[in-house]
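Per-entry structural report
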Amino acid sequence: MKFSTFTRRAALGAIAGAAALAAVTTSASADTVRLRFHTFYGTEIDPIAKKFRKAVKEASNGTLRIQYFRGGELVASDQFADAVSKGTVDIVHGTGGYWSGQIDIGNIEAGLPGAWASVDEAKALFNSPEVDALLTEAYAEAGTVYLGKGYGHNYDLLTKEPITSLADLKTRKIRATSNVAKVLNAFDIPTVYLPAQELYIGMSTGVIDGAVYGGPVEYEQLKLHETATNYTFMNMLMPGWTETFLANPAAWDKLSDEHKQILETAIAQFADDIHQWLSDGNEGVAEGTFTYATLPAEDSKALTAAAQGVWAEEAARSDRNNAFVDALVANAKAQGRL
């Protein structure tokens, strides 16, 4: 995982002066610096958060402390980019889809259908100099410092009946977000959107026949295994989302190089720990809870081809988005999906 380097921060120096006009949230008492860190996760990752805070404290001999806020505690998750640019918080941990209306690149970096098919593939893409530069530029323009990425996990299909191909879905109504729905609609698969809290009643009453929402652990947590047990790997997007860490420029600029390096290392480990927690959760779902299947390779490839319309829509938003989508296309071709 590649996080921002000191050479990248030099490029952000031009915006530091303007950002300093915002409220500076880094507070110090004696030799201790305290940073407000806000995640979109709730209490479920508290053990990981405790380890993160402890690592920062110990690596800095107590001179750097993290004031940790869970999702919704201080700022709404969809306001993270604005909040960190204004200095309401010092560092945010969210996903680009939350702020795609403010920052052109948000939806693409969060994860478009067909964009990548493995964590290693996603990491290679985001660690490439070209994509890293696009993200750094986009977030600098938005008045933030791009610190790096985290990676989610499974994002696949749960249905009542077994699925052997996309053709099987033409007579089933599937819950999907807008971008996924556009791809499924290309195969004449009917879709509808329902929020997570309505999936159980929707599935149990027959309003929907399946859902594309997350991985086994998410479906189990929503108790959807009580209504549907057929889990189908689509190979459409894995990890199903990526996570982004952003800092306030004024707060970041006030840190010593030592403190910056400590934070970068600790945040990278925090992100890896969350990914591993998600992976362990999916693997830890009790045997027999779900019956697993995988779409045929030709269907997975067809999904990526159908997603090109979604990619084109995002590419049209800006020259930067177009360059990012070009990188996605090149990667998909190199992987044999296009």
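That block above? That's the structure.
We now turn to the structure provided with this report. (Residues numbered from 1 in each chain as written. Predicted model: local features only at pLDDT ≥ 70, side-chain atom pairs only at ≥ 80, totals over all residues. Heavy atoms only, no water.)

What follows concerns the overall build of the protein. Helices and strands together make up the secondary structure of the protein, namely 15 helices and twelve strands. In terms of overall size, the protein behaves like a compact globule, its C-alpha atoms giving a radius of gyration of 21 Å where 338 residues would be expected to give roughly 20 Å. Each principal axis of the C-alpha distribution contributes one length, and for the protein these read about 65 × 40 × 30 Å. Relative to its full complement of 338 residues, the protein shows a buried share of 54%. (Helix = DSSP H or I, 4+ residues; strand = E, 2+ residues; numbered from the N terminus. Rg over C-alpha atoms; globule rule 2.2 N^0.38 Å. Buried < 20%, exposed > 50% of the residue type's maximum accessible area, 1.4 Å probe, protein only.)

Moving on to unusual backbone geometry. Pro239 follows Met238 through a cis peptide bond whose omega is 5 degrees. Here Pro239 is to be found in the loop between β10 (230-233) and β11 (242-247). Phi angles above zero are rare outside glycine, and Asp188 is one such case at about 60 degrees. Within the fold, Asp188 resides in the loop between α8 (178-185) and β8 (191-192). The residue Lys223 is not glycine, and still its phi comes out positive at about 65 degrees. As for its placement among the helices and strands, Lys223 is situated in the loop between α10 (216-221) and β10. In this structure Lys223 comes out as partly exposed when scored by relative accessible area, which is 47%.

Here we come to the side chain of Glu121. Summarising the element assignment, Glu121 is placed in helix α6 (residues 119-127). Not counting the four nearest positions on each side in its chain, Glu121 is found in contact with Ala115, Trp116, Asn331, Gln335 and Arg337. (Contact = heavy atoms within 4.5 Å.)

As a further point, take the pattern of salt bridges. Per the counting criterion, the structure on display carries twelve salt bridges. Two residues, Lys149 and Glu109, come together in a salt bridge whose shortest N-O distance is 2.2 Å. Here Lys149, found in strand β5 (residues 145-151), pairs with Glu109, found in helix α5 (residues 106-111); they are 40 residues apart in sequence, far enough to count as distant. Neither residue differs from the other here; Lys149 and Glu109 are each classed as buried. For Glu121, the salt bridge goes to Arg337, with nearest N and O atoms at 2.9 Å. Of this pair, Glu121 sits in helix α6 while Arg337 sits in the segment after α15 (319-334); the two residues are 216 residues apart in sequence, bridging distant segments of the chain. Residue classification places Glu121 among the buried positions, given a relative accessible area of 9%. (Salt bridge = Lys/Arg side-chain N within 4 Å of Asp/Glu carboxyl O.)

With that settled, the discussion passes to the sheet that holds strand β6 (residues 156-159). Strands sit in the order β8-β7-β9-β6-β10-β12 across an open sheet of six strands; the sheet is mixed. The two strands at the open ends of the sheet, each matched to only one other strand, are β8 and β12 (291-294). Sheet topology note: the strand β7 (residues 174-175)/strand β9 (residues 210-214) ladder contains two bridges and is parallel. Across the sheet, Ile174 pairs through a bridge with Gly210, a residue of β9. (Pairing = 2+ DSSP bridges.)

To continue, consider the packing of α6 against α15. Running from amino to carboxyl end, α6 crosses α15 at an angle of 140 degrees, the nearest separation of the two axes being 11 Å. Judged on the interaxial angle alone, α15 and α6 are oblique. The handedness of the crossing between α6 and α15 comes out as right-handed. Of α15, the residues touching α6 (which contributes Glu121, Leu125 and Phe126) are Phe324, Ala327, Leu328 and Asn331. Across the contact of α6 with α15, the residue classes tally to five nonpolar, one polar and one charged. (Axes fitted to C-alpha atoms, helices over the stretch in contact; angles between N-to-C directions. Parallel < 35°, antiparallel > 145°, perpendicular 65-115°, else oblique. Left-handed = near helix turned anticlockwise from the far one by under 90°. Nonpolar A, V, L, I, M, F, W, Y, C, P; charged D, E, K, R; others polar.)

What follows covers α15. A turn of α-helix holds 3.6 residues, and therefore any two residues three or four places apart point the same way. For α15, with 16 residues, the first-to-last C-alpha span of 23 Å sits near the 22 Å given by 1.5 Å per residue. Within the sequence span of α15, burial applies to Arg320, Asn321, Phe324, Val325, Ala327, Leu328, Val329, Asn331 and Ala332. Gly336 sits one or two positions beyond α15 and adopts a positive phi of about 80 degrees. (Expected span 1.5 Å × (residues − 1).)

This part takes up the packing of helix α7 (residues 129-141) against α15. Between α7 and α15, the least distance of the axes is 10 Å, while the angle of their chain directions is 155 degrees. Between α7 and α15, the crossing angle belongs to the class labelled roughly antiparallel. Relative to α15, α7 is oriented so that their crossing is left-handed. Facing α7, whose interface residues are Glu130, Val131, Leu134, Leu135, Glu137, Ala138 and Glu141, α15 presents Arg320, Ala323, Phe324 and Ala327. Of the residues belonging to the contact of α7 with α15, the class tally is seven nonpolar, no polar and four charged.

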